[in-house]
Amino acid sequence: GDHCAWSGITCNAEKKVTTVVIEDFGIEGTFPQSLSKLTELTTLTTDGNSLAGTISDGVCNKNNIQIVGDETNCPNNVGTDGCCAAVRLTDPSPYLINLVSSEMNIDASDCSLLPDLERNVCNFMKDDENHYVFGDDQYPDSFPYESWLKERVVLAEMNFGTTLSSNSWINTGDHCAWSGITCNAEKKVTTVVIEDFGIEGTFPQSLSKLTELTTLTTDGNSLAGTISDGVCNKNNIQIVGDETNCPNNVGTDGCCAAVRLTDPSPYLINLVSSEMNIDASDCSLLPDLERNVCNFMKDDENHYVFGDDQYPDS
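Described below are features of the structure shown in this document.

### Thoughts on unusual backbone geometry
Now for step 1: The residue after D91, namely P92, is reached through a cis peptide bond having omega 0°.
Now for step 2: Here P92 is to be found in the loop between β7 (86-88) and α2 (94-104).
Now for step 3: Cis geometry marks the peptide bond from D263 to P264; its omega dihedral reads 0°.
Now for step 4: The residue P264 is located in the loop between β15 (258-260) and α6 (266-276) in this model.

Rendered as structure tokens:
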């Protein structure tokens, strides 16, 4: 029959092929370079196959052509201008393997060989199905895919490096919609608010890679370690954290614009010990007067004059 009626083929009134759509045909072989001879071709969709080779310049350079292809065929990466207007990741994805290896300074070709944290992040990031926020599994070049994915690595590290992972915080949707995360129009993370999540683990140092981060609120958790200089020194950033994470004490200028006391509070223990010339680590061992003052002063809840339990540096 007329090839203009073949599956995936559309022709114009002059019987010239304008559209070739062989998406998800599952075909194998070599990418057909002779498609460049279809002089009126304006739409070419070849993703979801296992074709070897790159789409030729003769096809890429056609006027006004819209191409959707697998990453192994498209000359441009996902999220970048080039031959393919939209790119579909493959499984396994060379692009994801290279990106994860570079961002985490690991060899992501075999996640099973990595320590727990790196293995979990690697497995999540390498699975292309974890990042399809578009219904057609294709990433248009209008979406800032590379920077979005790099920041997704940071959030995955925070998830798997703490007990956030047990709270079903991470999911396959756009991380800009995850609980406590806000992004700007360019899909760059600007806000991370995980206040009172009750999470444990190590304070995520890789947050410094979030280049547009302006608000970080992490108080009300049990994270170990200090907020890094890379985070503290970001321009115009507002940080609220627990005293065990903030480099500056409550009421002092420094990394955290507001500090929340913990229970027990090392700051209060040191302050009471110094002011009363006692050892405030165990109030029960002190005489009546000192014991009563010690117990009152060591209880952080006795000093929250702000509704949010945070003490601003002002």
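### With respect to the packing of α2 against helix α4 (residues 145-160)
Now for step 1: One way to put it is that α2 packs onto α4 with a least axis distance of 11 Å and a crossing angle of 55°. Judged by the angle between their axes, α2 and α4 are oblique. Every pair of crossing elements has a handedness; the one defined by α2 and α4 is right-handed. Contact residues: α2 offers Y95, L96, L99, E103 and M104, while α4 offers Y145, E146, L149, K150, V153 and E157.
Now for step 2: Looking at the contact of α2 with α4 residue by residue, the classes come out as 7 nonpolar, no polar and 4 charged.

### Examining the state of the cysteines
Covalently bonding the sulfur atom of one cysteine to the sulfur atom of another cysteine gives a disulfide.
Now for step 1: Under the definition given, this model contains 8 disulfides.
Now for step 2: Note that C4 is cross-linked by a disulfide to C11, the S-S spacing being 2.1 Å. In this structure, the disulfide formed by C4 and C11 twists by about -90° around the S-S bond and is classed as left-handed. Taken as a pair, C4 and C11 share a single burial class, namely buried.
Now for step 3: Each sulfur in the disulfide pair C74 and C84 lies 2.0 Å from the other. On the sign convention where negative means left-handed, the S-S torsion of about -90° between C74 and C84 marks this disulfide as left-handed.

Calculation criteria
Residues numbered from 1 in each chain as written. Predicted model: local features only at pLDDT ≥ 70, side-chain atom pairs only at ≥ 80, totals over all residues. Heavy atoms only, no water. Helix = DSSP H or I, 4+ residues; strand = E, 2+ residues; numbered from the N terminus. Axes fitted to C-alpha atoms, helices over the stretch in contact; angles between N-to-C directions. Parallel < 35°, antiparallel > 145°, perpendicular 65-115°, else oblique. Left-handed = near helix turned anticlockwise from the far one by under 90°. Contact = heavy atoms within 4.5 Å. Nonpolar A, V, L, I, M, F, W, Y, C, P; charged D, E, K, R; others polar. Disulfide = S-S within 2.5 Å. Buried < 20%, exposed > 50% of the residue type's maximum accessible area, 1.4 Å probe, protein only.

Function-wise, these values are silent; they only describe arrangement.
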